[in-house]
Amino acid sequence: MIKDLSVALRSVPLPRPWGPDVPRNHVLLVTLALDDGRSGTGISWTPQIGAHAVKALLEHDVRDAVIGLPAHPGVVWDRLSAHLAETGRSGIVPIAMAGVDLALWDLECGERSLVDVLGPRRESVPVYGSGVNLHYTLDELTAQAARWAAAGYPAVKIKVGRPSLAEDVARVAAVREVIGPDTALMIDANQRWDLHRARTALRALERFEPSWIEEPLPADDLAAHVELRRSTGTPIAVGENVATAHGFRDLLTAGACDVVQPNVVRVGGITPFLRIADLARVFDVPVYPHLLTELSGQLALALHHPAMVERVEDASLADLGLLADPSPVEISGAELRATGAPTRWSAGRSE
């Protein structure tokens, strides 16, 4: 049974800030103590907003709700979700729940790796280069793309959504020239467009053969995603800001997307992530886990459909000092493999 819950908040500096207003990520280490003396630790994570609110929710309502529950991820997740429903099912609620769920999976795994517990379906997954780079100058952007090309990444992703469409076209053209025609190029608008602007932009960008457009529209605008998918030949990827299985169900049943991208923390942990992955499998839609490379990589190795893993330059969990040695994964060239080690968290390089 769960005996206690404790939380430690860390603000971890980013070697490459994600913009003037995002110089760090916020990570909460959530530790569950059991009545048999064992303990497990997981993380909640937010790049910019809400860390103190998540901490308060964990230390009060969540802690009180989980004490006395059995240390079973599915049981705790469902009980906690029902208990917190009045507060909502998105935003800080699943982010807080993720810390608890990951701690329970830490206990479930023990000295085994998450991949071994879930069951590996492949030995490796490809890694794609990703940058939070809308604020980069054109020279900085092309230099980053050149680093990815030199590293042999099979695919890269860049941000779009500058104030001027002409700027987006120039930047995508420059990156396509640097990486060449044989490297897949994904573009990510981070919800910056409305339907009209998305249609206009994609018509201008189609000649660069983007493998997908990610978050072209506000994440909760289901009807607009359906209309956009009907009117463009560019595949649509969504999900990093969709927090519930119901949200993914609605996207899939409406035929609104070609790829889903759940973030394991924003959906509430490994337990709901696996449920979402099973749902996507029914619709024959691939799952590409969002960010958090070392966690996402382990999940991708166990997914039914093959996937790539996102590696944001200098912003993996290991890059931020959040993983203790040995790492649960290793990245060699452009391939990620499991090492067989369990996932162990460290305090990070907090400021």
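Residues numbered from 1 in each chain as written. Predicted model: local features only at pLDDT ≥ 70, side-chain atom pairs only at ≥ 80, totals over all residues. Heavy atoms only, no water.

A look at the pattern of salt bridges
Here comes step 1: Enumeration over the complete set of coordinates arrives at 19 salt bridges.
Here comes step 2: Between Arg199 and Glu227 there is a salt bridge, with the nearest N and O atoms lying 3.8 Å from each other. Separated by 28 residues along the polypeptide, Arg199 in helix α7 (residues 195-205) and Glu227 in helix α8 (residues 222-231) bring together distant segments of the chain.
Here comes step 3: For Arg199, a relative accessible area of 29% translates into the label partly exposed.
Here comes step 4: The salt bridge partner of Glu227 is Arg230, with a shortest N-O separation of 2.8 Å. Of this pair, Glu227 and Arg230 both sit in helix α8, three residues apart, which is roughly one turn of the helix.
Here comes step 5: Classification of Glu227 by relative accessible area gives partly exposed; the value is 31%. (Salt bridge = Lys/Arg side-chain N within 4 Å of Asp/Glu carboxyl O. Helix = DSSP H or I, 4+ residues; strand = E, 2+ residues; numbered from the N terminus. Buried < 20%, exposed > 50% of the residue type's maximum accessible area, 1.4 Å probe, protein only.)

Topic: the packing of α7 against α8
Here comes step 1: Running from N to C, α7 and α8 point in directions that differ by 25 degrees, and their axes come no closer than 10 Å. Accordingly, the angle class assigned to the pair α7 and α8 is roughly parallel. The chirality of how α7 crosses α8 is right-handed. Counting all contacts with α7, which are made through Leu195, Ala198, Arg199 and Leu202, the residues of α8 involved are Ala224, Glu227, Leu228 and Ser231.
Here comes step 2: Looking at the contact of α7 with α8 residue by residue, the classes come out as five nonpolar, one polar and two charged. (Axes fitted to C-alpha atoms, helices over the stretch in contact; angles between N-to-C directions. Parallel < 35°, antiparallel > 145°, perpendicular 65-115°, else oblique. Left-handed = near helix turned anticlockwise from the far one by under 90°. Contact = heavy atoms within 4.5 Å. Nonpolar A, V, L, I, M, F, W, Y, C, P; charged D, E, K, R; others polar.)

A closer look at the pairing of strand β2 (residues 24-34)
Here comes step 1: Counting buried residues in β2 gives eight out of eleven residues, a clear majority hidden from the surface.
Here comes step 2: Here strand β1 (residues 2-13) pairs with β2 via eleven bridges, running antiparallel. Within the sheet, the bridge partner assigned to Ile2 lies in β2 and is Leu34.
Here comes step 3: Bridge count between β2 and strand β3 (residues 39-46): eight bridges; the pairing is antiparallel. Residue pairing for β3: Leu29 is matched across the bridge by Ile43.
Here comes step 4: Between β2 and β3, which pair antiparallel in sequence order, lie four residues; one of them, Gly37, sits at a positive phi of approximately 95 degrees. (Pairing = 2+ DSSP bridges.)

Some points on the sheet that holds β1
Here comes step 1: Taking strand neighbours across the sheet as the criterion, the three strands line up as β1-β2-β3 in an open arrangement whose pairing is antiparallel. Of all strands in the sheet, those bounded by a partner on one side alone are β1 and β3. Sheet twist, expressed as the average angle between the axes of neighbouring strands with direction ignored, equals 20 degrees.
Here comes step 2: Docked against the sheet, helix α3 (residues 92-109) engages β1, β2 and β3, running at close to 150 degrees with respect to β3.

Some details on the nonpolar core
Here comes step 1: Val62, Val66, Val100 and Trp193 are the most contacted members of the largest nonpolar core, which totals 116 residues.
Here comes step 2: At twelve residues, the largest contribution of residues to this core is made by α3.
Here comes step 3: Beyond its immediate chain neighbours, meaning those up to four positions away, Val62 contacts Leu5, Leu57, Leu80, Leu84 and Val100. (Core = buried A, V, L, I, M, F, W, Y, C linked by side-chain atoms within 4.5 Å.)

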